[in-house]
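# Architecture at a glance
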Amino acid sequence: MDIDDSESDEEEDAKSAQPYANLMKRLIESNPQKAKRRKLDHASTEEKQPEPTPDSDEEDEAKDEEQEARDVDEVEEAEEDPTDIQPEDLFDDEDDLDESDPFETHISNPDEKTVPPRVQAAQGGKWKMKRQPFESTRAYWSYPEIDDGQELPLPAPITGVSNLHLKKRLKEIMESKRSAFDAVEKTIAPFLFNYRDMLYCDRTVGSSENIRRLAALHALNHIYKTRDRVIKNNARLAKADANEDLELRDQGFTRPKVLMILPTRQSCVKMIDSILSVCEPDQQENRKRFEDGYIDKLSKFSDDKPDDFRDLFSGNDDDMFRLGMKFTRKSVKYFSQFYNSDIIFASPLGLRMAIGSEEEKKVDFDFLSSIELVIVDQADALLMQNWEHVEFIFEHLNIQPKDAHGCDFSRVRSWYLDDQAKYFRQTVVFSAFNTPELAELMRAHCHNWSGKVRLQQECPGTIQYLPVKARQTFSRFDAPSVSADPDARFNYFTKAIVPLLTKRGAKDAHGTLIFIPSYLDFVRVRNYFANNPVVESVTFGTISEYADIPEASRARSHFLTGRHKVLLYTERAHHFRRYQIKGVKRVIMYSLPDNPLFYQEIAGGYLQKSEQSLLLGHGQGVVRVMFSKYDLMKLERVVGTARVGKMIREQGDTFDFV
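Summary of the structure given here. (Residues numbered from 1 in each chain as written. Predicted model: local features only at pLDDT ≥ 70, side-chain atom pairs only at ≥ 80, totals over all residues. Heavy atoms only, no water.)

## A closer look at the sheet that holds strand 9 (residues 373-376)
An order of 1-2-11-3-10-9-4-8-6-7-5 is seen for the eleven strands of this open sheet, with the pairing classed as mixed. In this open sheet, the two edge strands, each paired with only one partner strand, are strand 1 (127-134) and strand 5 (283-285). Strand-to-strand, the axes of this sheet are offset by a mean angle of 15°, without reference to chain direction. As defined by bridge partners, strand 1 adjoins strand 2 (residues 137-144) across eight bridges and the pair is classed as antiparallel. (Pairing = 2+ DSSP bridges. Helix = DSSP H or I, 4+ residues; strand = E, 2+ residues; numbered from the N terminus. Axes fitted to C-alpha atoms, helices over the stretch in contact; angles between N-to-C directions.)

## What about helix 15 (residues 436-445)?
What helix 15 keeps buried is the set Leu438, Leu441, Met442 and His445. In an axial view of helix 15, the angular spread of the buried residues amounts to 105°, which keeps them on one side of the axis. Opposite the buried face of helix 15, at more than 90 degrees from it, the exposed residues are Pro436 and Arg443. Buried positions along helix 15 lie against strand 3 (197-200), helix 12 (379-382), helix 13 (387-395), strand 10 (426-430) and strand 11 (452-456). (Buried < 20%, exposed > 50% of the residue type's maximum accessible area, 1.4 Å probe, protein only. Arc of directions from axis to C-beta. Contact = heavy atoms within 4.5 Å.)

## Overview of helix 16 (residues 485-502)
Since the α-helix packs 3.6 residues into each turn, any two residues three or four apart lie on the same face. Compared with an ideal rise of 1.5 Å per residue, which puts 18 residues at 26 Å, helix 16 spans 25 Å between its outermost C-alpha atoms and is within 8% of the ideal. For helix 16, the principal kink sits at Thr494 and spans about 35°. For helix 16, the set of buried residues is Asp485, Ala488, Arg489, Phe490, Phe493, Thr494, Ile497, Val498 and Leu501. (Expected span 1.5 Å × (residues − 1). Bend = angle between axes of the 7 residues up to and from the residue.)

## Examining the environment of Asp656
Mapped onto the fold, Asp656 is located in strand 18 (residues 654-657). Taking C-alpha positions, Asp656 is 4.5 Å from Thr473, a pair spaced 183 residues apart along the chain. Contacts of Asp656, omitting those with residues within four sequence positions, involve Arg471, Gln472 and Thr473. One polar contact links Asp656 to Thr473, side chain to side chain, over a distance of 2.7 Å. (Polar contact = N/O pair within 3.5 Å; in protein donor to acceptor, adjacent residues only side chain to side chain.)

## Considering the nonpolar core
With 58 residues, the main nonpolar core has Met198, Met260, Phe327 and Phe345 as its most contacted residues. A total of nine residues in this core trace back to one element, the largest contributor, which is helix 7 (residues 208-239). Residues contacting Phe327, with those up to four places away along its chain left out, are Glu88, Phe91, Leu220, Ile223, Arg255, Ile275, Cys279, Val332, Asp342 and Ile343. Counting residues in hydrophobic clusters, the runner-up holds 37 residues, among them Ala573, Val584, Leu592 and Ile602. (Core = buried A, V, L, I, M, F, W, Y, C linked by side-chain atoms within 4.5 Å.)

Function cannot be read off these values alone, since they describe shape.
Encoded structure:
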């Protein structure tokens, strides 16, 4: 029996050490990593042809063209060798260790008895969810369920800076600027600073600045504590006796610890401004280059654009960028090489291009191997870009690196070596609303052993805020599954909605705007109007996200004059342009928009303009909405939390609102 037990223990030890052994074997077999220059270029890679010597004017023109073609985010900086880095100054000279600090309990020194069972439960997909009120919102709290049934409670309330475990330097700055928190900050802070995964679904333009400040404070606090621990241990090792055996596990495989995914360069500017206001550096290296490449002070929008549109698209709205930032005690450095950076700021497209692709045989995502904090801001805007890029990024987080990158493995935390980094990473997502894509992101990629929460307020419903009186009819159709929903929707549209447009020789079709969120559905409906003889009497125009400005202008003009009776309009076109379409008398929503403000602007704003232009009698506007049970999230935001359950479950399938 003793022999069997011994063999069993050895097998268990070998099994637990397997991830580390595999990692070391792979790194030893790979070629040694040398300091290298990393160019994160996404411009054309065509070879440059030798140019003739130009005249002065031609030379200036050539320089201008070269400057335009140059990638402003290109980095020509060698990857630092950790053994050659000069000693750094501490961010805080006085730093008393507090065992109750969430940084200690979650990252630096997790409890060896309570944490492994949580990690094991997360690995096995064993999660328990509870719904309960929290502060001014609803909390949907999930945590790994262990065998003894012990619950993970919601974190204690946080009312201000005094309740936070901050580095002394950050605490002094924050107390002078914002010592007490407002309602939104009190809702977010307990989960953010206690390293819980979080999906916050009530981000607004008004709360955006405070949210960014909290995110910046948490990111800086994490970086300062990480770097100070490394710097102190470097000093200890330098002074240690040769015979002294120190085990100082204080880092990951690579330096970058925070990843911020943002929609535009201007949103990156706002986040960095929040960071600078919190850390107040003495020096900013490469600041002018940052301003030249990221800041656009010209106003390019008319006054009729709504606040959320101006907040997102004002300034530099380029959605292709990536930027590394390195912190020292007195300075910050923009455009640091990724492997030398503490924070990586990127749009989904920018980071996807930086990683590379298998087709190009240039793939590198080792710089994402040790990310411990991911902050996704304005996720609702990212949904209007290519969401597959976001999923791609999360699929490549916390994968053990292919190359060593000068890593001292004796200093790497054990949970990195055991390939458990994703269970310690914190993911924070801020969005104006929840969607199935965001819910799936939290389910598939957020495995934090400390739990995850979705914070979402009850929705009053935008139908009560329409600026005009209109009859709003919501019609439910049945779809047997999510995959069958597009076909069921199209069939309902052709059988129940199209006859309303074609009766009496299509005289009733004048001024009908058909709003179609999905581009695939848009193509299907467009082809139906173009080719089906049933609707040959219905002239129509289209505006999609791919329509250029002249094309969209013609479509709007023909719709206003009556040359086109019907106008097909997509959600992304409205998101990126916010066209003020005139001549609308009837709105048909093929599906509800994700953004409830769009319902208010289209169903209410367009009909109001028609009334003001005397194209439509007062209260004569009509709105017709198609929905299925799979539109639950969208429907709740439009009709309100109190009504949505009844509309989904009742036997009747038609609901009228005036």
